[in-house]
Every structure is written in C-alpha cells, then in structure tokens.
Amino acid sequence: MSDLELPTVITAIADAQTESFIAATLFAQGWSVLFRAIDSDSLERYLRNNEEAVKSAILIFAPDLSGIAHERLETMRPLVKQLVGFSKNPDSDTALGELHLLPNTATDLISLVRGFIRAPMLRQATQPSSQERRAHVLAIGSAGSNTGCTTLAINIAMELSVMDKQTLLIDANFRAPSVATLLSLRNVNSEPGWRNIAPSLSVAEISQDQSISIETLMEQAIQNFDHVVIDLGSISGLSNRLTDRRWTSAMTTWSCDQGDEFMVVARPDVLGLHRLEQVTSLIEMTSIRSPLSFVLNMRSMGRRGAEEEARFLSITTPLRPLGVRVVPRDPRSTSAAEAQKSTLIEVNSRSVLRKAVAKIASEIKA
C-alpha cells in the first residue's frame, strides 16, 4: 500500500448487520471493499485467486464466520496486509487469538482501523482514554494559508498559562514550523520532549526524528499538563492525511482521533472562505472523533464584517460544531508581537485581539 493510497478492505463476517455496519462505514470514507466473504472456503478461494489485489488489503473477520479457525487464519495472514478481528465479546472468543471489541459507532470504528493502517502492531490499550487523562488537548488547524493559526495557538497557550494552567504548546506544522522563530527560541526541534519557557508554559516541536515517538510523547504530555495546544498548520487534504503513514501526518491523525477539540481557523476574505468550504466538505465525508470548532480570524469592522460573519456561519453551522468563534482584525497588535518576538499579553494586554483570545482560552474546559 503506498503512503497516499486509500486502504482496501475484505470482510469475513457472517452476521449481516455487523458486516453491513463495517463495510458501509468504511465504504463511506472512500475505502474500497474488495470482497465480502460469507464463509471461510469462499474467503480463502478469493485470496488465493487474487493475490496481487489482496496483498495491500485489510482483512476484517469475526468468529461467527463458518469454518473459521486459528490455523486457517494463519495460512491467510501472509496473503494480506493486515488481519483484524472483531467480536462483540472478545474475552470469550479467545480461540482465534487476539480480537478487538466491536466499536459501537462509525467514528470509533474508523479511528481504530486507521490505527491499524498507521501502526499494524497498535493495541487498543495503547490509546489513552479521555476519562483518564489530565490534559485537555486542543488541536488548531488552518483552512488555507495565512489564517493566523499559529498566532492563535501561541496566544491561547500563553493565556492558559497565565491562568496558572500547566500548558504545553506543540508546533506540529511540518510545512512551516514557526513557533520557535516567533518566540525567539533556538534548537527546540532538536530536543526530545519539551522545553519550559515560562512558569507554566512549555514548548515542543515535532521533527521527523521525533515523529516516531508521538504516541509516547502525547501519553506523557496528557499526564503532565493541564492543557496541550497543538499547531497543525494547514489541514488541506485531510482525508488522505488520516490514512497516510508518513511522519508528516502523524500528529494530525492523533489529534483527529484523540483530541478534545479540533479547532479550524479561517480567513474572512473570498479565498479564505472558499478554502473553508473545501475543508468542511472533506470533514463532512470524514469521521473525526475529536469535537469540532471553528474560528473566523481577522474579521473586518462594520457592515463588511457582518457579511463575512454571516457567510462563515452559513458554512460552519451545518456541521454542528462544539463552538463557533469570531476574532477581530488587529494588525497593530500582531505586528508589534511579531516585531518583539513576544505574545499579545506582553505587548498590549488591553488590545481588542488579546481580549478576544483570552475569552477563547477562558472557554476551554480544563
């Protein structure tokens, strides 16, 4: 399977309702369902007669399939890319080896299967439960370019830290990492883990070398911090990135599957709202476990701003987001912060932009 190719799937499940749920859910994501076996004989026959087609496929099976046995599955394993077993009661169906509890929702199913694509040896136990974690994880992605995504990420993290919340800011914008430059920090990307830069604020940058240990980094982060803010940069091509096994997609996928809020930032101009429409169209076709929110950044004043906001709301409201926020245009404050390589609260704590960002931070639950 190439890095950008959507996965192909074979189902081997007797229960029609379960099989239909799995096949239809994955098909709706654009994944190709090659074959839907009704018994072990037809499954093995198909695999051996179509070796070239099935070698990149995920075989999803259940213990109710007629004629299935552990020994038979082992003979099929080399023929496919990955073997995944689901059961409604995996603790009882132990004869076939390790099985996974059948997810109750389409979003959970897709998230789990994505995990097998990215890391075939992934186990459900390695995914931290949101009930057990300390940190609230906010991922911020840009619908297009120059939306102010990084500025928002830096300043939301700063606002959380001045509220005495231990906060980690992660620069995961692989195309154009900017946090270290904007805050005048050196060698952040060469350090493992994170660096403390203020009493309650730490910074990390995801490099290619560090991307292989993202799961470990995030497990440590969500236990050591109250808040984790992730700057993802552009999220164009989101659907492909969620099944892409390259390092550049690892943090985006983690954020979609395990984040507490996935915030999409857009510009108010014609091109910015067009890019937002493209992103929301992708999101409508892509199951994301993390709750969505949207920010219209750099809203104009007066009547023009009202028109921009109305268009923004018409695009985002159908997705029933967790929150929809509007941030005003304030070029003086952003220019001053950039020139001084500092944050908005340090440059002008009374500016309209700083107050808007502080309000967003106050709304983020601990």
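In this report, the structure presented in the accompanying data block is examined. Note that the structure is a prediction, hence the values are computed from the model and not measured.

**Considerations on the pattern of salt bridges**
Pairs can form between side chains of opposite charge once their charged atoms are near each other. Evaluation of the coordinates by the stated rule reveals 17 salt bridges. Two residues, R48 and E44, come together in a salt bridge whose shortest N-O distance is 3.3 Å. Here E44 and R48 lie together in helix α2 (residues 40-49), a separation of four residues that amounts to about one turn. Given a relative accessible area of 40%, R48 falls into the partly exposed group. One salt bridge connects E363 with K359, and the closest N-O pair in it is separated by 2.6 Å. Of the two residues, E363 and K359 both sit in helix α16 (residues 352-363), four residues apart, roughly one turn of that helix. E363 gets classed as partly exposed once you look at its relative accessible area, which sits at 40%. Here the salt bridges do not stand alone but share partners, grouping D41, E44, R48 and R72 into one network.

**Here we look at the packing of aromatic side chains**
We describe a pair of aromatic rings using the distance from one ring centre to the other and the angle between the two ring planes. Summed over the entire model, instances satisfying the criterion amount to two aromatic pairs. A ring pair is formed by F35 and Y46, whose centres lie 4.2 Å apart and whose planes are at 5°; its orientation type is stacked. Linking F35 in strand β2 (residues 32-37) with Y46 in helix α2, this pair joins segments that are 11 residues apart in sequence. Accessibility expressed as a relative area gives 23% for F35, which makes it partly exposed.

**Focus: the sheet that holds strand β3 (residues 57-61)**
Strand pairing within a sheet occurs via backbone hydrogen bonds; the two strands may be parallel or antiparallel. Strand order across the open sheet formed by five strands is β2-β1-β3-β4-β5, with parallel pairing between neighbours. Two strands close off the open sheet at either side, each with one partner strand: β2 and β5 (100-101). Pairing geometry for strand β4 (residues 82-87) and β5, over two bridges, is parallel. The residue of β5 that forms the bridge with S87 is L101. Packed onto the sheet, helix α1 (residues 16-28) meets β1 (8-12), β2, β3 and β4 and runs at close to 165° relative to β2.

**Structural notes on the side chain of R325**
Mapped onto the secondary structure, R325 falls in strand β13 (residues 323-328). When its relative accessible area of 13% is taken as the criterion, R325 is described as buried. Side-chain polar atoms of R325 contact the side chain of E261, separated by 3.1 Å. The residues contacting R325, other than those within four sequence positions of it, are E261, M263, S293, F294, V295, L296, F312, I360 and E363.

About the cut-offs
Residues numbered from 1 in each chain as written. Predicted model: local features only at pLDDT ≥ 70, side-chain atom pairs only at ≥ 80, totals over all residues. Heavy atoms only, no water. Salt bridge = Lys/Arg side-chain N within 4 Å of Asp/Glu carboxyl O. Helix = DSSP H or I, 4+ residues; strand = E, 2+ residues; numbered from the N terminus. Buried < 20%, exposed > 50% of the residue type's maximum accessible area, 1.4 Å probe, protein only. Phe/Tyr/Trp six-rings, centres within 6.5 Å; stacked < 30°, edge-to-face > 60°. Pairing = 2+ DSSP bridges. Contact = heavy atoms within 4.5 Å. Axes fitted to C-alpha atoms, helices over the stretch in contact; angles between N-to-C directions. Polar contact = N/O pair within 3.5 Å; in protein donor to acceptor, adjacent residues only side chain to side chain.

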